[in-house]
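# A look at the structure
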Amino acid sequence: MDDTTRVDAIHRLKSVSGHINGIVRMLEDERYCIDVIKQIQAAQTALSRVSESILDSHLHTCVTTAMRGDDPDERERVLGEITEVFRQTNKP
């Protein structure tokens, strides 16, 4: 992963962490259920964006390097990792 993506991901995850703490406080304060759900969905969206950013960086760095390399086993390994990520994401 490139440095820009890493720094951005850290910043975003710290923000999500604060958001999660806010959701905990909402539950402790017995806030309205739908308001809590909306905040949870916002945190999930933020996490998805971080994941997408890291995946994009991975595709443009690690995967590109493997595809251009001479090692067919490394290419297959990297492609298998990508497939597994999507398999896990789409599990019911």
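The next subject is the side chain of Ser 57. By secondary structure assignment, the location of Ser 57 is in helix α2 (residues 33-68). Excluding its chain neighbours within four sequence positions, the residues that come into contact with Ser 57 are Met 1, Asp 2 and Thr 5.

A cluster of acidic residues, Asp 70, Asp 71, Asp 73 and Glu 76, forms a negative patch at the surface. Assignment of secondary structure puts Asp 70 in the loop between α2 and α3 (72-89).

Counted at 1.5 Å a residue, the expected span for α3 with its 18 residues is 26 Å, and the 26 Å between its end C-alpha atoms agrees. Capping of α3 at its N-terminal end is provided by Asp 71; its side-chain oxygen lies 3.0 Å from the backbone amide nitrogen of Asp 73.

The subject of this paragraph is the packing of helix α1 (residues 3-28) against α2. α2 packs onto α1 with a crossing angle of 165° between their chain directions and a minimal axis gap of 10 Å. When the axes of α1 and α2 are compared, the pair comes out roughly antiparallel. Both α1 and α2 take part in a crossing whose hand is left-handed. A per-class count over the contact of α1 with α2 returns 15 nonpolar, five polar and four charged.

Once that is clear, we can look at the pattern of salt bridges. Under the counting rule described, the total for this entry stands at five salt bridges. Its salt-bridge partner being Arg 77, residue Glu 74 comes within 2.7 Å of it at the nearest N-O pair. Placement of both Glu 74 and Arg 77 in helix α3 is noted, with a separation of three residues, approximately one turn of the helix. The class for Glu 74 is partly exposed, based on a relative accessible area of 29%. Among the charged side chains, a network of salt bridges with common partners joins Glu 74, Arg 77 and Glu 81.

Quick look at α1 now. For α1, which comprises 26 residues, the first-to-last C-alpha distance of 38 Å matches the rise-based estimate of 38 Å (1.5 Å per residue) to within 8%. Residues of α1 that are buried include every one of Thr 5, Ala 9, Val 16, Gly 22, Ile 23 and Met 26, and no others. The elements touched by buried residues of α1 are α2. The residue sitting at the N-terminus of α1 and contributing the capping side-chain oxygen is Asp 2; that oxygen lies 3.1 Å from the backbone nitrogen of Thr 4.

To describe two helices that pack against each other, one gives the angle between their axes and the distance between the axes. Following both chains from N to C, one finds α2 and α3 inclined at 155°, their axes separated by 8 Å at the closest point. In terms of orientation, α2 lies roughly antiparallel with respect to α3. Regarding α2 and α3, the two cross each other, and that crossing is left-handed. Along its contact with α2, which presents Leu 55, His 58, Leu 59, Val 63, Ala 66 and Met 67, the element α3 presents Glu 74, Arg 75, Val 78, Leu 79, Glu 81, Ile 82 and Phe 86. Looking at the contact of α2 with α3, its residues break down into nine nonpolar, one polar and three charged.

About the criteria used
Residues numbered from 1 in each chain as written. Predicted model: local features only at pLDDT ≥ 70, side-chain atom pairs only at ≥ 80, totals over all residues. Heavy atoms only, no water. Helix = DSSP H or I, 4+ residues; strand = E, 2+ residues; numbered from the N terminus. Contact = heavy atoms within 4.5 Å. Patch = residues over 30% accessible without salt bridge, like charges linked within 9 Å, V, L, I, M, F, W, Y side chains within 5 Å. Areas by Shrake-Rupley, 256 points an atom, 1.4 Å probe, with all protein chains shown as cover. Salt bridge = Lys/Arg side-chain N within 4 Å of Asp/Glu carboxyl O. Lys, Arg positive; Asp, Glu negative; His and termini not counted. Charge placed at Lys NZ, Arg CZ, Asp CG, Glu CD. Expected span 1.5 Å × (residues − 1). Polar contact = N/O pair within 3.5 Å; in protein donor to acceptor, adjacent residues only side chain to side chain. Axes fitted to C-alpha atoms, helices over the stretch in contact; angles between N-to-C directions. Parallel < 35°, antiparallel > 145°, perpendicular 65-115°, else oblique. Left-handed = near helix turned anticlockwise from the far one by under 90°. Nonpolar A, V, L, I, M, F, W, Y, C, P; charged D, E, K, R; others polar. Buried < 20%, exposed > 50% of the residue type's maximum accessible area, 1.4 Å probe, protein only.

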